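The residues making up each chain are set out below.
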Amino acid sequence: MHRSADDRLFRMTTGIFAALVLLLVVGIGFELWRQSLLSIEKFGFKFWTGRVWDPVSGEFGALPFIWGTLYSSLLALLLSTPIALGIAIYISELSPRMLRQPLSYMTELLAAIPSIVYGLWGVFILTPIVRKLELLTPAALRKFPLFSGPPLGVGMGTAAIILSIMVVPFTSSVAREILKNVPIAQREAAYALGATRWEAIKVAMGYGKTGIIGAVMLGLGRALGETIAVTMVIGNNPQISLSLFAPQYTMAAVIANEFTEAADELYLHALIEIGLLLFIITIIVNALSRLFIWSTKRRLVNIISIPPVVEEEKAA
Amino acid sequence: MSYSGRRKIVSAIAEALCAVAVILALLPLAMILFYVIKQGFTSLNWAFFTHMPKPVGEPGGGMANAIVGTLILIGLAATMAVPVGCICGIHLAEYPDSRFASVVRFAADVLNGVPSIVVGIFAFGLVVLPVKRFSAIAGGVALGMLMIPVVVRTTEELLRLVPTGLREAALALGATRARAVFTVIVPAALPGILTGILVATARIAGETAPLLFTALNNSYWSTNITQPIASLTVQVYTYANSPYDDWHRQAWAGAFLLVMITLTLSIIARLAVRGLERMNRP
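Keep in mind it's a predicted model, so treat the numbers as computed, not measured.

Each helix and strand counted, chain B has 10 helices and 0 strands in total. Reading chain B from its N terminus to its C terminus gives the helix and strand order α-α-α-α-α-α-α-α-α-α. For chain B, the spread of C-alpha atoms along the principal axes amounts to about 70 × 70 × 35 Å. Per-residue burial over chain B gives 51% buried out of 282 residues. Excluding contacts between residues fewer than 6 apart, the proportion of contacts in chain B whose partners are at least 24 apart in sequence is 73%.

Here it is, written out as structure tokens:
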């Protein structure tokens, strides 16, 4: 009797600490909402569609920042997804066993490098390279909106490149884990039907599709919220443009740049409202990503818990 | 060409492209490390560690205050995140199948993905606004909240590596849950938990965004945690945005130090995890 009371107490006490983590997520949302009420009440939905950001006259429209965040993340994913999936496939399916560990570790090192170091490298090394490439762009191409505007080096293109590099390790490590968990029988079945190596890989990828979508979304979540590196290379100009050359602005960057300058309360609340939207978007993206990854892993682990026994019997 | 010949060629090309993808990812890694070492290591000297920043125009000076500031911020963050994160991790590992546990696990994963700048705003509203002053405490709270989910998840995972036999043996001897956890399971997993804390420290040591409007920055020597404090990351950010060559050199030196810190922490953690897995393999 005594012991079970003790155990209940233990469960309760540790449970309270666990509940703190839940509280933290809810608390962040509540606090951001509370601190942006002035702006929410004053501008309503117009905040999300307004194109003018003028702190002096007290007019706040966040559309250029939302555009910048979505566009830069989308471009980054276009670059990073094929590379990250290529890495995952190479490491889990193609590489010599000896290279597996070192390669996966090296690609994951990309995640360990601080954002500020990416930013510094971006400003002093990558930007001049991108500028040279922009100068080399033939005039025929520059008529397209994607390549219009003066070749400054800083701008959407540079930001997308930096973001894609930063996102790769997150997507590739999850995708690799999913592939590792796809039952070997799937590939063997494909080979038995006469598939080439690549066709067998496609079968394995299709089998873990949901999880791989989750891996890509995990990268998307990172790209949406990345702040410092992007702030340093995107040019910080609130305009909506398709051009890769154009200096633009993101939600995270405007918060980083203007937060300490926000002199009046409305200005501060407007910035926090941008933070609130960023929070909501990233929560949704991350939650979906985790659900996809979890459900795939659970399905795969349940399946492969049977075959090993069969194989052991065969060996015996 | 025959159909199967074409399929073989497609396969070979696709395989080659996967290898190219690896090179494409390792290229920027090599480039970044190369420049950080080239520009950073040559700018590093003894004064960097021992001197204060010099005003514009005067060459030399260092980041002594920022190095100490970063250490203080990490200390504050760890004081907050380690107890909460570890106990939460213990709960998840002990009662893994309850509905509550899976909700908390999910929340920790989601929290891990919340942009650090958003966490910074939260710390600003919680700590800075009420007293109307930027402070090291606010920076520590922001970093601590970023640290919690990492500590939670690694603690849980590594506690689960402890062989079930140990737990069952303790319970069979009549130990209560708490006793079994604190005298048998946690000590067995202690190297793992320390590793988790290292991983989390590596993550927050390089954070800049959440410090910009919590700890702010400080060009003077300060160890007072109720005042704004300098940090390596914010100092590098400030210097990188300045137009002065000498400050750029200092920024590279700071970046070199940051990369060294985070890479060392993650390499140690990596080796430790591998060692643990080997140790606990049946």
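Once that is clear, we can look at the interface of chain A and chain B. Facing 67 residues of chain A, the contacting portion of chain B comprises 71 residues. A class-by-class count of the residues in the side of chain A that touches chain B yields 44 nonpolar, 15 polar and 8 charged.

What follows concerns unusual backbone geometry. The phi torsion of most residues other than glycine is negative, and most of the peptide bonds are trans. Residues and elements named next belong to chain B. Backbone geometry places Lys 132, a non-glycine residue, at a positive phi of 55°. For Lys 132, the position within the fold is in the loop between α5 (116-131) and α6 (136-160). With a phi close to 55°, Leu 216 is a non-glycine residue in the positive phi region. Following the sequence through the fold, Leu 216 ends up in the loop between α8 (177-205) and α9 (232-240).

Attention now moves to the domain arrangement of chain B. When its domains are assigned, chain B resolves into domain 1 (3-43) and domain 2 (48-280). Facing 6 residues of domain 1 of chain B, the contacting portion of domain 2 of chain B comprises 7 residues.

Residue and element names in this part refer to chain B. The residue Ala 170 is located in helix α7 (residues 164-172) in this model. Accessibility expressed as a C-beta count within 10 Å gives 18 for Ala 170, which makes it partly exposed. Between the alpha carbons of Ala 170 and Glu 277 there is a distance of 22 Å; along the sequence they are 107 residues apart. Dropping the residues within four chain positions of it, Ala 170 is found in contact with Ala 175, Ala 180 and Val 184.

Time to look at the confidence of the model for chain A. Model confidence for chain A is summarised by a mean pLDDT of 92, while 95% of its residues fall at 70 or above. Note on residues 306-316 of chain A: pLDDT under 50 across the span, and 2 contacts to partners over four residues away in sequence or across chains.

Helix-helix packing: each pair is described by the crossing angle between the helix axes and the interaxial distance. Residue and element names in this part refer to chain A. Between helix α6 (residues 115-136) and helix α8 (residues 156-181), the shortest axis-to-axis distance is 10 Å and the interhelical angle comes to 130°. In terms of orientation, α6 and α8 fall into the oblique class. Relative to α8, α6 is oriented so that their crossing is right-handed. Contacts between α6 and α8 pair Tyr 118, Gly 122, Leu 126, Thr 127 and Val 130 from the former with Gly 157, Thr 158, Ile 161, Ile 162 and Met 166 from the latter. Of the residues assigned to the contact of α6 with α8, the class counts are 6 nonpolar, 4 polar and no charged.

This next bit is on the packing of helix α4 (residues 63-94) of chain A against helix α13 (residues 251-258) of chain A. Residues and elements named next belong to chain A. Packing of α4 against α13 leaves a shortest axis separation of 7 Å and a crossing angle of 125°. Viewed along their axes, α4 and α13 adopt a mutual orientation that is oblique. In this structure, α4 contributes Phe 65, Ile 66 and Thr 69 to the contact, and α13 contributes Met 251, Ala 252 and Val 254. Looking at the contact of α4 with α13, its residues break down into 5 nonpolar, 1 polar and no charged.

Conventions we followed
Residues numbered from 1 in each chain as written. Chains lettered and ligands numbered in written order. Predicted model: local features only at pLDDT ≥ 70, side-chain atom pairs only at ≥ 80, totals over all residues. Helix = DSSP H or I, 4+ residues; strand = E, 2+ residues; numbered from the N terminus. Buried ≥ 20, exposed ≤ 12 C-beta atoms within 10 Å, placed from the backbone. Contact = placed C-beta atoms within 7 Å. Nonpolar A, V, L, I, M, F, W, Y, C, P; charged D, E, K, R; others polar. Domains from an automatic or database assignment. pLDDT = per-residue confidence, 0-100. Axes fitted to C-alpha atoms, helices over the stretch in contact; angles between N-to-C directions. Parallel < 35°, antiparallel > 145°, perpendicular 65-115°, else oblique. Left-handed = near helix turned anticlockwise from the far one by under 90°.

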